[in-house]
Amino acid sequence: MANEFKNKDEFIKEFKKRIIRHFGCSIERAHITEKYMILGEMVRDHASENWNLTKDVISEKQEKQMYYFSMEFLMGRLLTNNLMNLGIYDIVKEGLDELGIDINDLEEMESDAGLGNGGLGRLAACFLDSLASLNLAGHGNCIRYEYGLFKQKIEHNEQVEVPDKWLSLGNVWEVRKPKHSVDVKFGGRVEMWMGEDGKAVVNHIPSLVVRAVPYDMPIIGQNTATTNTLRLWSAEVADDACDASSLNEYVNEVREICRNVYPDDSTEHGKLLRLKQQYFFVSAGIYNIIESHLRTYGSLDNFADKVAIQLNDTHPVLCIPELMRILLDEYRFEWDDAWEMTKKTMAYTNHTVLSEALEKWPVQYVRELLPRIYMIIEEIDNRFKYHLSHDFGRPDLIDSCAIIKEGQVHMAHLAIVGSHSVNGVAALHTRILKEDVMKSFYELYPEKFNNKTNGITHRRWLLHSNPQLTDLLEKTIGPQFKTNPDKLTDLMQYVDDEKLQTQFMEVKLERKKILADYIKKTLNIEVDIHSIFDVQAKRLHAYKRQLLNILNIMDLYFRMKNDPNYRIYPRTFIFAAKAAPSYTFAKEVIKLIHCVADKVNNDPEISKYMKVVFIPNYGVSIAEILMNAADVSEQISTAGKEASGTGNMKFMMNGAITLGTMDGANVEIVERVGFENAEIFGLRADDVALIRRENSYDVWRKYHENANIHRIIDALTDGTFSSNPNDFKLIYNELMFKNDEYLLLADYDAYAHARTNIERRYQDKRGWAKMCLINIAQSAFFSSDRTIRQYAEEIWNLKAVELD
Ligand SMILES: *Cc1c(COP(=O)(O)O)cnc(C)c1O
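The rules behind the values
Residues numbered from 1 in each chain as written. Predicted model: local features only at pLDDT ≥ 70, side-chain atom pairs only at ≥ 80, totals over all residues. Heavy atoms only, no water. UniProt positions renumbered as here; feature names shortened; annotations may be inferred. Helix = DSSP H or I, 4+ residues; strand = E, 2+ residues; numbered from the N terminus. Buried < 20%, exposed > 50% of the residue type's maximum accessible area, 1.4 Å probe, protein only. Lys, Arg positive; Asp, Glu negative; His and termini not counted. Salt bridge = Lys/Arg side-chain N within 4 Å of Asp/Glu carboxyl O. Polar contact = N/O pair within 3.5 Å; in protein donor to acceptor, adjacent residues only side chain to side chain. Contact = heavy atoms within 4.5 Å. 1 Å grid on protein atoms, 1.4 Å probe; cavity = no way out; pocket = protein on both sides within 12 Å on 5 of 7 lines; lining within 4 Å. Points joined across faces, edges and corners; volume = space filled by probe spheres on them. Nonpolar A, V, L, I, M, F, W, Y, C, P; charged D, E, K, R; others polar. Expected span 1.5 Å × (residues − 1). Near = heavy atom within 4 Å. Areas by Shrake-Rupley, 256 points an atom, 1.4 Å probe, with all protein chains shown as cover. Pairing = 2+ DSSP bridges. Axes fitted to C-alpha atoms, helices over the stretch in contact; angles between N-to-C directions.

By the naming in an unreviewed UniProt entry, the protein goes by Alpha-1,4 glucan phosphorylase and is assigned to Amedibacillus dolichus. In its Subcellular location (unreviewed entry) section, the UniProt record describing the protein reads: "Cytoplasm". Taken verbatim from the UniProt record of the protein, the Sequence similarities (unreviewed entry) comment is "Belongs to the glycogen phosphorylase family."

Now the structure itself:
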């Protein structure tokens, strides 16, 4: 180990020296942000030695590498994670203590790297942590967004979006690598002629050239030298890309590419920009991989043996035609050889069955922005259609499976045809892909389809964010689970141990206290830490049904108001959720939650029994204090809609009970803990499908038959929760005039009943603690280490690298 982290004194010496060298001032005069930056720099420099070693060994031993292409990496903060994975947290903490610096204060200086929207981006981040920790050579490719996902503030009960200036202190983890810059070409026209070798020569004369400059971040594994790379691409002006007259316009056009994470593509300009982003990082990333491959092997013939590329949803699917383009046009491969190589390299993960989220691009956009790429997609489509008729004998499938149809490019179809593996992210999700959404493709290519149930890294979501529970587990089952999360199942032997049950409840109370303090500090709301903490934290979306949750809270409020004998066990209902800026319905739900909260929390009688809290700016750092303080994990999506969920796993690993539908990975949670250790309610996916097929649901019947439902629906618009008559009309209309698309009222009674069950079960303290312990033990399966091992063995054919 390098000297500076060998012991406390060496650390202090180096820390002081660097502060003076870097900022020209002593520790006493240095600002806290400067102390943070120096600590980060020291950790990065320290990691750089292993980073270099990893690169050397990979190329010496000619190891296969995997590249995870994702438009999103929701990394959160990295300081604690890196210090702990490097095993130097305690030394640094002691050293800082001696200097009178609280390590927590430095940790708070770091901005979340919020390069993503939600689950899909967080999955990518968990995967990177697992890859490095399992000694697998797997790297990330993404965009270096100037602003992360917006910060959410609440003003007058409504969401306000504020830019997330995450780079304002710089990014201490990144290293700019101009030597690996790539020029990416857009627009213009394509000239072709027949070359002497009888193959087409292609000359693309672009109308826009953008320089892609990589910034590399080390991805540090746990107790290992393996250090992978997250490569973030930033757009800059190219050398001679335009004439001076339009210089400003050009600069703006370039800047725009990496400005924002797109939560929102409601405008045409926004849509085109998103396509530009996609090609920008795909083109730069693929070019770079090819260059590096050639440096090691001098030939591309073994490319597919040494490179695996995983496409995180359809956003990076342009990797397929881009690799084809380079192989065909620049390295003059025959089509069939290039195609076999491309398919063998690429694998695609599907993340959604919501039809509005299945990506399609107007032909005109692709043709104008990426003329050569469009030609290649067209050729892929033509050959695929020929193949369907002549080899598969299935001309009947041409209409449903075409890549280009009705003036649009269907990215999921391109992904399936152009890769060797298509995976869903939970067993139920994969089944729905095979049987419904991608049925025709499954008939054609059954061997491509496979399931990889999502996971989360227990390092961030247990060891780092819940040291209290980690200590208790270590005392009970020993330390092995820290490096081998499978060992969590050892806890099963102790779930009946009364002492352990009590200790667990104490740990939970401690985490609830930490969250309660945060709520008091940021929102000035007092919550009762002995009440049930009932938490729903996730992006705001109709199918996730936060509305069902708040409707039931309204119901409980009315019942208590109208009947002085009806009282619930004290409960704190906690929400956290960002809504996409253009998603008006979702924003209206946020407003409703706040208006109900105002009413409930300010009612001196009712607020003894319940509080409603909305924690703003949900992101990784909030999740780190929220998940582990929950007693109840709300996972209440309409069955069949949530592909997997990963929030459900974080709650489970920290000992919360799932109150949920049989959807996504909830199904697999219940499979492991048993129905008796979860609270499952509502329609199943097959029921939902049947209701749709038979068109047998009528929201108005529910409304007229059920007095409680009648009352809460009326309360949306009768002024109970807002004096503005326009408020919540949209919600009312979505429910009542679109026949309650997400079946909230169909599941209402079952949900209300499930919530009452929870309250009864919570009062049996021993029984409750036992359930929580069983959930923790069974969360072993949901470690992303398990998920990544499955990808490595079944899709990537990737083996652990040995560095010593
Ligand atoms: C885990 C996580 C998610 C995903 O939550 P789901 O409940 O699976 O939708 C979203 N955002 C953040 C910040 C997370 O940590």
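K.L.:
Would you mind showing me how to read the side chain of K578 here?
P.N.:
You can see K578 is positioned in the loop between β21 (571-576) and α23 (584-601). Among buried charged residues, K578 stands out as having no salt bridge; its nearest opposite-charge side chain is D164, 6.9 Å away. In terms of polar contacts, K578 uses its side chain to reach the side chain of N617, at 3.3 Å. Leaving out residues up to four positions away in the same chain, K578 has contacts with L149, F150, Q152, Q159, K538, R539, L540, N617 and Y618.

K.L.:
What is the right way to read the layout of surface pockets from this model?
P.N.:
Sizing a probe to match a water molecule and rolling it over the atoms shows the empty space that remains. Of the voids in this model, the second largest pocket is the one considered here, and its volume is about 690 Å³. Taken together, 32 residues line the second largest pocket, and the ones lying closest to its centre are K55, Q65, Y67, S292 and R295. Considered class by class, the residues forming the lining of the second largest pocket number 7 nonpolar, 16 polar and 9 charged.

K.L.:
I would appreciate a short explanation of the side chain of T646 in the present structure.
P.N.:
Its location among the elements puts T646 in the loop between β23 (632-635) and α25 (647-653). T646 sits in the buried class, given a relative accessible area of 9%. Apart from the residues within four sequence positions on either side, T646 is in contact with G119, L123, N454, G455 and I456.

K.L.:
Looking at this structure, how should I read helix α31 (residues 748-762)?
P.N.:
For an α-helix, the turn length of 3.6 residues means that residues three or four places apart are oriented alike. If you check α31, its first and last C-alpha atoms are 21 Å apart, about what 15 residues at 1.5 Å a residue would give, namely 21 Å. The complete set of buried residues in α31 reads Y748, Y751, A752, A754, R755, N757, I758, E759, R761 and Y762.

K.L.:
How should the site of the ligand be read in this particular structure?
P.N.:
Looking at the ligand, there are 16 residues lining it, with K538, K544, T646, G647 and K650 nearest. K650 places a side-chain nitrogen or oxygen 2.6 Å from an oxygen atom of the ligand. A total of 390 Å² of accessible area belongs to the ligand in isolation, and the protein chains cover 96% of it. Class assignment of the residues belonging to the shell around the ligand gives a composition of 6 nonpolar, 6 polar and 4 charged.

K.L.:
Would you mind showing me how to read the UniProt feature "modified residue: N6-(pyridoxal phosphate)lysine" (unreviewed entry) in the protein here?
P.N.:
UniProt records the feature "modified residue: N6-(pyridoxal phosphate)lysine" (unreviewed entry) at K650, using the numbering of this structure. With respect to the helices and strands, K650 occurs in helix α25. Beyond its immediate stretch of four places on either side in the chain, K650 contacts R122, I456, W461 and M627.

K.L.:
I'm lost on the sheet that holds β21 in this one. Help?
P.N.:
Taken in spatial order, the 6 strands make up an open sheet running β22-β21-β20-β23-β24-β25, and their pairing is parallel. Every other strand in the sheet has two partners, leaving β22 (610-614) and β25 (679-680) as the edge strands with one partner each. Of the strand pairs in this sheet, β21 and β22 are connected by 5 bridges, and their pairing is parallel. Paired with I574 across the strands is V613, a residue of β22. Together, β20 (532-537), β21, β22 and β23 form the strand contacts of helix α22 (residues 546-562), whose direction differs from that of β21 by roughly 150°.

K.L.:
Teacher, can you tell me more about empty space enclosed by the protein here?
P.N.:
Summed over all chains, the structure comprises 5 cavities of 30 Å³ or more. There is about 130 Å³ of room inside the largest cavity. When its residues are assigned to classes, the lining of the largest cavity shows 9 nonpolar, 3 polar and 1 charged. Taken as a whole, the second largest cavity spans an internal volume of roughly 110 Å³. What lines the second largest cavity is M75, L78, N81, N82, R122, A125, L128, D129, P218, I219, I220 and R460. For the lining of the second largest cavity, the secondary-structure elements that each account for two or more residues are α3 (79-86), α6 (119-133) and β11 (208-220). Broken down by element, the residue count for the lining of the second largest cavity peaks at 4 residues, all from α6. Here the lining of the second largest cavity is composed, by residue class, of 7 nonpolar, 2 polar and 3 charged.

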